[in-house]
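# Descriptive structure summary
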Amino acid sequence: MTIAVSSGAHPALVLNADYRPLSYYPLSLWSWQDTIKAVFLDRVNIVSEYDAAVRSPSFEFRIPSVVSLKTYVKPNRFPAFTRFNVFLRDKFQCQYCGSKEELTFDHLIPRSKGGQTTWDNVITACSPCNLRKANKSCKQLNMWPMHMPFQPTIQDLHNNGRAFPPNYLHDSWLDFLYWDTELEP
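Read on for a plain summary of the structure.

The rules we used
Residues numbered from 1 in each chain as written. Predicted model: local features only at pLDDT ≥ 70, side-chain atom pairs only at ≥ 80, totals over all residues. Heavy atoms only, no water. Buried < 20%, exposed > 50% of the residue type's maximum accessible area, 1.4 Å probe, protein only. Helix = DSSP H or I, 4+ residues; strand = E, 2+ residues; numbered from the N terminus. Pairing = 2+ DSSP bridges. Salt bridge = Lys/Arg side-chain N within 4 Å of Asp/Glu carboxyl O. Contact = heavy atoms within 4.5 Å. Axes fitted to C-alpha atoms, helices over the stretch in contact; angles between N-to-C directions. Core = buried A, V, L, I, M, F, W, Y, C linked by side-chain atoms within 4.5 Å.

## With respect to the pairing of strand β6 (residues 122-126)
Within a regular strand, side chains alternate between the sheet's two faces. The buried fraction of β6 amounts to five of the five residues, a majority that puts the element mostly inside the structure. Here β6 shows two buried faces, one formed by Val122, Thr124 and Cys126 and the other by Ile123 and Ala125. Direction of pairing for strand β5 (residues 103-107) relative to β6: antiparallel, over a ladder of five bridges. Each bridged residue has a counterpart across the sheet, and for Thr104 the counterpart in β6 is Ala125.

Dropping the structure here:
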């Protein structure tokens, strides 16, 4: 039996042509409306479906839960330098104390001392640590980050993103998520 769906329900997991998710964090999802449009434009293959359907007076269509692109999209090797990606690289924790609260970012070499806003000079910091460090160097305060900053690859961010699964995972998605991680003996 099929059911009608509400506008916010039934997202589809979007896989590249090699059946890997386009993104793990945030997980590559499309609304059911965008997914159905892509099916009719012949841009995706349906891999799995929900038990739900959309209907018109003369037509019924089961809603895809997993689709794969017909054309492979080559992922960028390096991600954009954004606040979110800095937080993801640093696993959403202060690099000084490990706190996950009140996150901001800190320049290791302060901007007032010529420090640039780049991957190699910016880390995630909580507000108290950032205020404590102020415009001083790590050496002046003997306040060192747990991990030195670096420019991550897309793979680095995917690996970190896997530690933060979304609140909702449909059963049909599980076969396509995390299958490229190394298995434990």
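## Thoughts on the pattern of salt bridges
Evaluated as defined, the whole model comprises seven salt bridges. Across the pair Asp42 and Lys70 runs a salt bridge whose closest N-O atoms are separated by 2.5 Å. Taken as a pair, Asp42 in the loop between α1 (32-40) and β3 (44-56) and Lys70 in the loop between β4 (59-69) and α2 (83-89) lie far apart in primary sequence, 28 residues in all. Taking the shortest distance from any N to any O, the salt bridge between Arg89 and Asp90 comes out at 2.8 Å. By relative accessible area, which is 4% here, Arg89 ends up buried.

## Let's talk about the sheet that holds strand β1 (residues 12-15)
Strand order in the open sheet formed by four strands is β2-β1-β4-β3, with mixed pairing between adjacent strands. The open sheet has two edge strands with one neighbour each: β2 (29-30) and β3. Pairing of β1 with β2, which is carried by two bridges, proceeds in the antiparallel orientation. Bridge pairing in β2 places Ala12 opposite Trp30. Along the sheet face, α1 touches β1, β2, β3 and β4 and points at about 90 degrees away from the line of β4.

## Here's the deal with the nonpolar core
With 21 residues, the main nonpolar core has Leu13, Val44, Val54, Ile63, Val66, Trp173 and Leu177 as its most contacted residues. Elements represented by at least two residues in this core include exactly β1, α1, β3 and β4. Top contributing element to this core by residue count: β4, with five residues. Apart from residues lying up to four places away in sequence, Val66 is in contact with Leu13, Leu15, Asn45, Ile46, Val47, Ser48, Ser172, Trp173 and Phe176. In this structure, Cys94, Tyr96, Ala125 and Met143 belong to the second largest nonpolar core, which totals nine residues.

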